[in-house]
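Understanding the architecture of this molecule
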2 protein chains.
Amino acid sequence: RDGRITMAHGAGGKASRALVEGLVVPLLGDRAPATLSDAAELTVDGTRLAFTTDSFVVRPLSFPGGTIGELAVNGTVNDLAVSGARPLAVSLAMILEEGLPAEALEEQVRAIGAAASAAGVPVATGDTKVVERGKCDGMYLTTTGVGVLRADASLAPERVRPGDKVLVSGTIGDHGVAIMLARGGLDLEAEVRSDTRSLWPVVHALLDACGPEAHCLRDATRGGVATVLNEIAAAAEVGVLVAEDRLPVRPEVTGACEILGIDPLYVANEGKLVAFVAPEVADAALEAMRGVEAGADAAVIGEVRDEPPGRVLGRTAFGGHRIIDVLVGDPLPRIC
Amino acid sequence: RDGRITMAHGAGGKASRALVEGLVVPLLGDRAPATLSDAAELTVDGTRLAFTTDSFVVRPLSFPGGTIGELAVNGTVNDLAVSGARPLAVSLAMILEEGLPAEALEEQVRAIGAAASAAGVPVATGDTKVVERGKCDGMYLTTTGVGVLRADASLAPERVRPGDKVLVSGTIGDHGVAIMLARGGLDLEAEVRSDTRSLWPVVHALLDACGPEAHCLRDATRGGVATVLNEIAAAAEVGVLVAEDRLPVRPEVTGACEILGIDPLYVANEGKLVAFVAPEVADAALEAMRGVEAGADAAVIGEVRDEPPGRVLGRTAFGGHRIIDVLVGDPLPRIC
Ligand SMILES: Nc1ncnc2c1ncn2[C@@H]1O[C@H](COP(=O)(O)OP(=O)(O)OP(=O)(O)O)[C@@H](O)[C@H]1O
Ligand SMILES: Nc1ncnc2c1ncn2[C@@H]1O[C@H](COP(=O)(O)OP(=O)(O)OP(=O)(O)O)[C@@H](O)[C@H]1O
Ligand SMILES: [Mg+2]
Ligand SMILES: [Mg+2]
Ligand SMILES: [Mg+2]
Ligand SMILES: [Mg+2]
Ligand SMILES: [Mg+2]
Ligand SMILES: [Mg+2]
């Protein structure tokens, strides 16, 4: 472990994992999270709840296709959704920088209200703190969500097995590229919008179609689809083979990524999930996802193999193979 | 409303209220919190849950009697407790500043684990983000809690009525003064420690003793006991009379407050609650609180009157009266 915190520790890749697994979990002792999944499961009087939190520190605060406020609602709703839970309520904690214009706050609170409406979830409680000028970057938001697990949801990395099909719910890399472009300084005219949105409609349709034959879902946020695939491959001790020519990527995103020298597989999404389903239900899963707006561009992108355990392989359009490894940090800091 | 966010908006007094009631709630529209209480109530399959969140931005990160990590656990546990809910789980979202020494993080995570153990609550889920040097002040923490409401708890400001007795669970002003002294620069040698701790044992004992005759509880954090009394007086449209000579204040705190020119009634606490109970159960409530360690110095400090509605009056040792109003900001910024 390094002696100091670096940007890589917040990027969602190898360094983030190492910090959580190597420092946070051991030092929390018997109070640490039981599993390192998108949401924790809590049982109350026989009711199974999901519980999850995320902080948002994205800059700029508003960008094509979204705002920090929308990310904050949808990000937490999506960690509940991919756990198989209908979102019940979110909380909203704001850390504001002294001197922030009231209009900037108003814009974000309005966006939060709209995103909460769209996701069908109330903002049940909140908190507001202010720190001195220069001790924050406009505003940081933290949302926490509680959801009710569907009885037919049985989602866990350990349920993934050889033969399972791997799907994504739509085009990848949109969010991260939108942020990069919004930051400017790039000689690029492409119009790419963040994909921030609630994934609950996709999950709901998927579970209606597949029930417990849906084995594992995960939203592909920091670290992108490549990081999710690696986490599941490691946890399930399976190999994952990705047909790279089947990855849905917008041409503008492909173009921007080429210029930036990054791979869309590693770029953050804020409205896309990766699904591992039994092969018998793969067609039904694809159809179900495509039947809802948020899953219109869903695709089967690969399958689970016995070999090599814990590894993700990409098969290129020309039939060659490459290892799709997990990155230490992230090419794009403060993306969410 | 001001055109820009000021430190007062984060101080828990009049400006904080105005921001939440005048900006946040209207702009969240029908997604806004139903009540502005310590915790929201969620009902799932007939089970009544409490849900609450707080961010912590205190500086310094460690101080006599506590740390930001302990505040983060106990603060959220206490908002559940004063709602009448047994804490079930908390989440932990960390925003870290690039360059933070690993030992500083280790110290806080260890403190969080210890506080969670003491409060009997798991850290079920979390998140970790990193921002560039100078965009944070070491670390900011946000915790969110879920609790299970006791069936015999019926706590709300509207239940407070003339005749009710007002109690505090112990000495007031310790936390805020400990922070001030820890920041240094004061020619003061006093040893004052933060009172950060879980209040669930106090609430549990109180409810065992009083059940629904306990009308309203609130933890006296930012803005101190004076702010809590004003909020309840306003919400219940009653007057509150405080016998100032009955307020339990440590001599060191009284001394420090005199030098600082502040009133302990407005100083933040992190392990004290204010209770409004029916007069018939006041003695039982006092005895119950004193029977647990966290309530050893509990005292009856006043009573509820018809008049003047929405106002808090202090009766001094010499029989005079003064109005105890709510402050716009706070004499002590970033206290939690
Ligand atoms: N500070 C922390 N304390 C406790 N658990 C943590 C902490 N940070 C992360 N975790 C846990 O580590 C796991 C991975 O967290 P991570 O934030 O990467 O997941 P995510 O929220 O799904 O992704 P993203 O934050 O990119 O949306 C989760 O199970 C989370 O609960
Ligand atoms: N950003 C926000 N969004 C929604 N509700 C908010 C927000 N900030 C505060 N509130 C609500 O305003 C009320 C008062 O919040 P406040 O933070 O003062 O209470 P508290 O947590 O009990 O006190 P403290 O933060 O000092 O511990 C609560 O009901 C809270 O849910
Ligand atoms: Mg996730
Ligand atoms: Mg997330
Ligand atoms: Mg609060
Ligand atoms: Mg409170
Ligand atoms: Mg609080
Ligand atoms: Mg997260």
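Please refer to the structure placed before this passage.
Residues numbered from 1 in each chain as written. Chains lettered and ligands numbered in written order. Predicted model: local features only at pLDDT ≥ 70, side-chain atom pairs only at ≥ 80, totals over all residues. Heavy atoms only, no water.

1. Overview of the site of ligand 2
The environment of ligand 2 is formed by 18 residues, the closest being D127(A), T128(A), S37(B), T221(B) and R222(B). Around ligand 2, the nearby residues trace back to chains A and B. The separation between an oxygen atom of ligand 2 and a polar side-chain atom of D38(B) is 3.0 Å. Calculation on ligand 2 without its partners gives an accessible area of 620 Å², and the protein chains cover 90% of this total. Looking at the shell around ligand 2, the elements with two or more residues in it are β5 (85-97) and β6 (123-131) of chain A together with α1 (14-28) of chain B. Here the element with the most residues in the shell around ligand 2 is β6(A); it accounts for five residues. Here the shell around ligand 2 is composed, by residue class, of six nonpolar, six polar and six charged. (Near = heavy atom within 4 Å. Polar contact = N/O pair within 3.5 Å; in protein donor to acceptor, adjacent residues only side chain to side chain. Areas by Shrake-Rupley, 256 points an atom, 1.4 Å probe, with all protein chains shown as cover. Helix = DSSP H or I, 4+ residues; strand = E, 2+ residues; numbered from the N terminus. Nonpolar A, V, L, I, M, F, W, Y, C, P; charged D, E, K, R; others polar.)

2. Concerning the relation of the copies chain B and chain A
Mapping chain B onto chain A calls for a screw motion: a turn of 180° about the axis and a shift of 0.0 Å along it, with 0.0 Å RMSD after fitting. In short, the pair behaves as if placed about a two-fold rotation axis. (Least-squares fit on C-alpha atoms with pLDDT ≥ 70 in both.)

3. A few points about the site of ligand 1
For ligand 1, the set of nearby residues contains 18 residues, the closest of which are S37(A), T221(A), R222(A), D127(B) and T128(B). Around ligand 1, the neighbouring residues derive from chains A and B rather than from a single chain. Here D79(A) contributes a side-chain N or O atom positioned 3.1 Å from an oxygen atom of ligand 1. Here an oxygen atom of ligand 1 and a side-chain polar atom of K129(B) are 3.4 Å apart. Contact with the protein chains removes 91% of the 620 Å² of surface that ligand 1 exposes when unbound. Looking at the shell around ligand 1, its residues break down into six nonpolar, six polar and six charged.

4. Some details on the sheet that holds strand β11 (residues 273-277) of chain A
Residues and elements named next belong to chain A. In space, the seven strands of this open sheet follow the order β9-β11-β8-β12-β10-β13-β14, with mixed pairing throughout. Unpaired on one side and paired on the other, β9 (214-219) and β14 (321-323) mark the two borders of the sheet. Taking each pair of neighbouring strands and ignoring which way they run, the sheet shows an average axis angle of 25°. Bridging between strand β13 (residues 312-315) and β14 involves three bridges; their strand directions are antiparallel. Pairing of R315 across the sheet is with H321, part of β14. (Pairing = 2+ DSSP bridges. Axes fitted to C-alpha atoms, helices over the stretch in contact; angles between N-to-C directions.)

As far as function goes, none of this settles anything; it's purely spatial.
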